[in-house]
Amino acid sequence: MLKIFDGAMGTMLQASGLTNRECPEYYAISHPDIVADIHRQYRLAGADILETNTFGASPLKLAHFGLADDTEKINAAAAKVARQAAAGALVAGSIGPSGRLLAPLGEQDFDEAVEGFARQIKGLEQGGVDFLLVETIIDLQEMRAALLAAKSVTRLPVFCQLSFDDNGRTVTGTDPETAACVLTALGAAAVGMNCSLGPEQLVPLVRKMAQATHLPITVQPNAGMPYLADGKTVFPMSPDDMAKWVPALVEAGATYLGGCCGTTPAHIQAMKSVLSGLRPAARSPLPGGVALTSRTRTVRIGAGQPPAMIGERINPTGRKAMQGQLKEGNLQEIKREALLQTEAGAALLDVNMGVPGIDQRALMRRAVAELSMLVEAPFSIDTNDPETLEAGLRYYPGRALVNSVSDKPGLTEELLRIAKKYGAAVICLPLSETGLPKSAEERVAVIRTIQAKAHAAGLSDSDLVLDALVLTAASDGDAPQEVLRTLRLYRATFGFPTTMGLSNVSFGLPRRDLINASFYMLCLANGLDAPIINPYAPLVRELLDAANVILGADKQGVAFSQRYGNVAVEAAKPVAAGAGGDVLTELANAVRTGEKERAAALAKEAVAAGYKPSDIATKSLADAMGKVGEAFGAGRCYLPQVMLAAEAMRAAFQCLKENLPADEAAFQKIGTVVLATVEGDIHDLGKNIVAALLENQGFDVIDLGKDVAADAVAQAVADSKPDLVGLCALMTTTLPAMEETVAKLRQMKDAPPVMVGGAVVTAEYAAEIGADLYAADGVAAVRLAKERLGR
Amino acid sequence: MRYFPRLTAIDEQEAVRYAGAPDKSVYAPAVVAAVCREVLLLIEPAACWEEYGYRADEGLVLSEIAYALPSCDVARHLAGAERVAVLAVTVGEAVESFSRRLFAEGRYSEALLAEGAASAAVEQAADQFCAHLEQRYRKQGLALTSRYSPGYGDWQLAEQPAVLALAKGDSIGISLTSSLMLTPKKSITAIAGWRQAQGAAPRGSNCAACNKLDCTMRKG
């Protein structure tokens, strides 16, 4: 049955005399007749559902008008007004954003937001609404807070509408599929969208949502994209324009329609007249398997999807260093593991905070919050402790996996209850109090028990993932085969996605990597969907990519070819570059192309071939750097390439020094340069580049660092009698300090020449302040220094 | 008000560009991945902003003590705006020691890239933040201009203290040195205005707004 909501409330109130200084929601108490009249107009226009005038009636927003204490009262009053005007229509309790962005993106605590929503919801229920409509939400975490608040205080159905941007995501990055998966699992009665976009832009988003949930889809577009004309906001779509889009929205899957900003009773009437002649569209079957999500990504496992790796590395068990860090509250190492694993292809990340002797709940909450700000892969919360599990799931802005639930009366029910409460999926582990089930049939029997308990907790089969239970081959020779049988039997019996930690199988055997790899491949062939594994262990990713070709998940090896097809070509490159020429030419080439290791090896080779280190340095290295400098000056290469060449040259130099015969003199030094970034300037990258390049070319560099006072520069010059002084200033605000330093040096007897440079320094300015040399960049600085010192 | 941008990746192309090369292939892909990963781990993105009324005809920001924009370029940039957001964004200080360490180890090109990655990160954080601010008045038909910072055009760096104070940048740990440099170094302050959506320039490259045409970092 298709139903239509009413249209905009705010603009209607403004038309009835509401000013900017008044609280629109308070009209339920101060001007109930005006609000009731608007409701009646929409009812007359054909609205099946009226929305209460409570969009901004959250405690935080009411606080702007000093009305926070009246939250319940205002919401209840507004609900009553709508109820009285309903005349047979349903009444939806409207709930907008709380008024402050939630952590970790913003500063409002999640629980505080839940509490605020709960107050508003209690008022709405008291006033007699038929269901709740949480709308115009841009942060999935805030929607979760509202839905959890509703579930904690009422049994009223909750419709959840997010606002999407023109890129198809909320401004905080959530896509329609992800929103649908999270909110369906969390117990929404309908999901959808409103505001921000017009109907045309919302059609594809409605379709995406409809393909990801069995729930009704609700959509309330704006009357087009607004613009301002003569100081007034104008929404361009007429009632007929809006009505034209109704069939497309219904065809895409919408069953509840309505209007947001810029819509009027006339819009609703026009939409309703079209809607009356339509029937709900048939919904396509949902993709199978289990959907897991982060804030911004949905990952499906099972049901014909290619295998998805669950990264196992965020786990302090048996890792002293990680345990120590976590005890200190330092999350750097687990963050690094999160990035490394997702780079290595992990689709999901297991998060285990099992450090003995610490508050695991607090740590889990923090880890989940911080890691979810860093990676897009959904998490599996790895714990058997109900409180730690709840801390992880409650604050996770997505749909997580619980790792894992076995059959232990009391605990099983508690873990499943928590999973259901937060809309999580669950790994069922076939362990029971009667002992370790050895055969596949025994494991299936335990899973049946857990499945029944999951159903009793309100979970469905699309929430369940099965663990095949890996035992060690060394202690039970039949164990690995039993796992393979279990995978097959699971598939035949249940058809749910399967998972397991693989590496246990090789415990106690040598070359565990071989056993694990073999087991891994055989398990995939027998239906394993989501191995829990170290994704960057040697060959793990490569074997999976290869297995996807063999098992048909990567047809004709298209993805495999893209990934591995180019590697051979790249590896061949250095060989081609090194072909031909004598060792000095090759060394020069290696420096020019910035090949550090090769340059070092060739320098060694050149020494062994009998070349004098000083010849190598001048004929090969300095020459190569000179050419790189020329190329840079001509715009044929870029600063990173100059620095790579400098690194290669440095490596070659080091090698020459180490291989210098005892009687050979040290390299001839060109001269000494004092370098400084001037007082007040804290940016020293440019000066550091100049220092590195000068050192490479045989200068002794006395680097005074950054933010160096004129007196300190003068003192260093007096002490070390350099051949040249280099000064750097990055910003206009520090140019006076450069001028002062140059003036100070000018006063000194026998002062060396001064070279200046930096982003804002120009040749004219250099001349004006009396500097001897102006270098536009690091390469020029080296050239000028060499010229000045006659080398 | 504070906002904490969520960065799940550093734009590698931009990191390399800020390091001084137009083309990512200058660095080995593994080096780019490793340096950007490390920078991503070390940054602590944070943003803050304050909203003020704005009198476009006079270039006046209606803060408690009104602030008159002394620059023609920024006033032109904000033409037609009714409100402005004065904002500050940083990625924190921890990342600075990383590039320093790389330089000290003779890994110059990686140090350069680390600096570039941190610059890319602060820009990404600011872009994300502005996308968030943009939403604020969309319902009323207002769009946000691109952001404009002291140092762009004829808006002098000398205005940095005023702008930082208007943004309340101290709430996210940004301060100024005596020579008016922001610390942490990878920080920015800016102003953006809300004005009529129709005809307003879309958000995009800030370079288009700046008249320093010889800037080596200029896009497009």
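Residues numbered from 1 in each chain as written. Chains lettered and ligands numbered in written order. Predicted model: local features only at pLDDT ≥ 70, side-chain atom pairs only at ≥ 80, totals over all residues.

## With respect to the overall build of chain A
Consideration 1: In terms of helices and strands, chain A carries 32 helices and 25 strands.
Consideration 2: Compactness check: chain A gives a C-alpha radius of gyration of 35 Å against a globular reference of 28 Å for 791 residues, more than 25% above the reference.
Consideration 3: Projected onto the principal axes, the alpha-carbon positions of chain A cover approximately 105 × 80 × 50 Å.
Consideration 4: Going through the 791 residues of chain A one by one, you find that 54% of them count as buried.
Consideration 5: Excluding contacts between residues fewer than 6 apart, the proportion of contacts in chain A whose partners are at least 24 apart in sequence is 75%. (Helix = DSSP H or I, 4+ residues; strand = E, 2+ residues; numbered from the N terminus. Rg over C-alpha atoms; globule rule 2.2 N^0.38 Å. Buried ≥ 20, exposed ≤ 12 C-beta atoms within 10 Å, placed from the backbone. Contact = placed C-beta atoms within 7 Å.)

## A look at the packing of helix α24 (residues 583–592) of chain A against helix α27 (residues 639–658) of chain A
All names here are of chain A.
Consideration 1: At a minimum axis distance of 7 Å, the contact between α24 and α27 shows a crossing angle of 135 degrees. Classified by the interaxial angle, the pair formed by α24 and α27 is oblique. Contacts between α24 and α27 involve L587, A590, V591 and R592 on the former and, on the latter, A645, A648, M649 and A652.
Consideration 2: When grouped by side-chain class, the residues that make up the contact of α24 with α27 number 7 nonpolar, no polar and 1 charged. (Axes fitted to C-alpha atoms, helices over the stretch in contact; angles between N-to-C directions. Parallel < 35°, antiparallel > 145°, perpendicular 65-115°, else oblique. Nonpolar A, V, L, I, M, F, W, Y, C, P; charged D, E, K, R; others polar.)

## With respect to the sheet that holds strand β3 (residues 90–95) of chain A
Residue and element names in this part refer to chain A.
Consideration 1: Reading across from one edge, β1-β10-β7-β6-β5-β4-β3-β2 is the order of the 8 strands in this open sheet, with parallel pairing throughout. Looking at the sheet topology across the chains shown, the edges are occupied by β1 (3–4) and β2 (49–51).
Consideration 2: Where β1 meets strand β10 (residues 254–257), 2 bridges bridge the pair, whose relative direction is parallel. Of the residues in β10, the one forming a bridge with K3 is Y256.
Consideration 3: In this fold helix α9 (residues 199–210) packs onto β6 (190–194), β7 (217–220) and β10, with an angle of close to 165 degrees to the strand it touches most, β7. (Pairing = 2+ DSSP bridges.)

## Comments concerning the environment of B:E14
Consideration 1: Along the polypeptide, B:E14 turns up in helix α1 (residues 12–19).
Consideration 2: Along the primary structure B:E14 and B:F103 are separated by 89 residues, whereas in three dimensions their C-alpha atoms are 21 Å apart.

## Structural notes on unusual backbone geometry
Residue and element names in this part refer to chain A.
Consideration 1: Residues A103 and P104 are joined by a peptide bond in cis, for which omega reads 5 degrees.
Consideration 2: Within the fold, P104 resides in the loop between β3 and α6 (110–126).
Consideration 3: Between N403 and the following residue, S404, the backbone shows a cis peptide bond with an omega angle of 0 degrees.
Consideration 4: Locating S404 in the fold gives a position in strand β16 (residues 401–407).
Consideration 5: Unlike most non-glycine residues, A87 shows phi in positive territory, near 45 degrees.

## Considering the confidence of the model for chain A
Consideration 1: Mean pLDDT over chain A: 93, with 97% of residues reaching 70 or higher.
Consideration 2: Predicted confidence is poor over residues 569–579 of chain A, with pLDDT under 50, and the contacts of this stretch with residues over four places away or in other chains come to 5 contacts. (pLDDT = per-residue confidence, 0-100.)

## Section: the nonpolar core
Consideration 1: Ranked by internal contacts, the top residues of the largest apolar core, which has 339 residues, are A:V426, A:V591, A:A652 and B:V39.
Consideration 2: Of all the elements, helix α5 (residues 108–135) of chain B adds the most residues to this core, at 15 residues.
Consideration 3: Apart from residues no more than four positions distant in its own chain, A:V426 is found in contact with A:V402, A:V405, A:L416, A:A419, A:A454, A:L459, A:D463, A:L464 and A:V465. (Core = buried A, V, L, I, M, F, W, Y, C linked by C-beta atoms within 7 Å.)

## Notes on helix α25 (residues 596–608) of chain A
An α-helix turns once every 3.6 residues. As a result, residues three or four positions apart point the same way.
Residues and elements named next belong to chain A.
Consideration 1: In this model α25 runs 19 Å from its N-terminal to its C-terminal C-alpha over 13 residues, within 8% of the 18 Å that 1.5 Å per residue would give.
Consideration 2: Among the residues of α25, K596, R598, A599, A600, L602, A603 and A606 are the ones counted as buried.
Consideration 3: Phi turns positive, to about 100 degrees, at G610, one or two residues after α25. (Expected span 1.5 Å × (residues − 1).)

## What about the environment of A:I616?
All names here are of chain A.
Consideration 1: With respect to the helices, strands and loops of the structure, I616 is situated in helix α26 (residues 613–633).
Consideration 2: In this structure, the C-alpha to C-alpha distance between I616 and V583, residues 33 residues apart in sequence, is 9.7 Å.
Consideration 3: Look past the residues within four positions of I616 in its chain and what remains in contact with it is L584, A603, A606, Y611, L621 and L656.

## Describing helix α29 (residues 710–720) of chain A
Residues and elements named next belong to chain A.
Consideration 1: Regarding α29, the residues found buried are A710, V713 and V717. Down the axis of α29, the smallest arc covering the buried residues is 65 degrees, so these residues share one side. For α29, exposure combined with an orientation more than 90 degrees from the buried face picks out D711, Q715, A718 and D719.
Consideration 2: Here the buried face of α29 lies against β21 (671–677), β23 (724–728) and α30 (735–747).
Consideration 3: Residue K721 follows α29 closely and has a positive phi angle near 45 degrees. (Arc of directions from axis to C-beta.)

## Looking at the sheet that holds β16(A)
Each strand in a sheet pairs with another by means of backbone hydrogen bonds, the pair being arranged parallel or else antiparallel.
All names here are of chain A.
Consideration 1: Strands sit in the order β13-β14-β15-β16-β17-β18-β19-β20 around a closed barrel of 8 strands; the barrel is parallel. Mean inter-strand twist for the sheet, computed between neighbouring axes without regard to direction, equals 30 degrees.
Consideration 2: Where strand β13 (residues 310–314) lies against strand β14 (residues 348–351), 3 bridges are found, and the strand directions are parallel. The partner of I314 across the bridge, within β14, is V351.

## Section: the pairing of β7(A)
Residue and element names in this part refer to chain A.
Consideration 1: Burial along β7 is two-sided: I217 and V219 and T218 and Q220, pointing in opposite directions, are all buried.
Consideration 2: Judged from the 4 bridges that link them, β6 and β7 form a sheet pairing that is parallel. What sits directly across from G192, in β7, is T218.
Consideration 3: On the question of chirality, the crossover connecting β6 to the parallel β7 by way of α9 is right-handed.
Consideration 4: Two elements, β7 and β10, share 3 bridges in a ladder whose sense is parallel. Residue pairing across strands places V219 opposite L257, the latter belonging to β10. (Right-handed = clockwise from strand over helix to strand, strands pointing away.)

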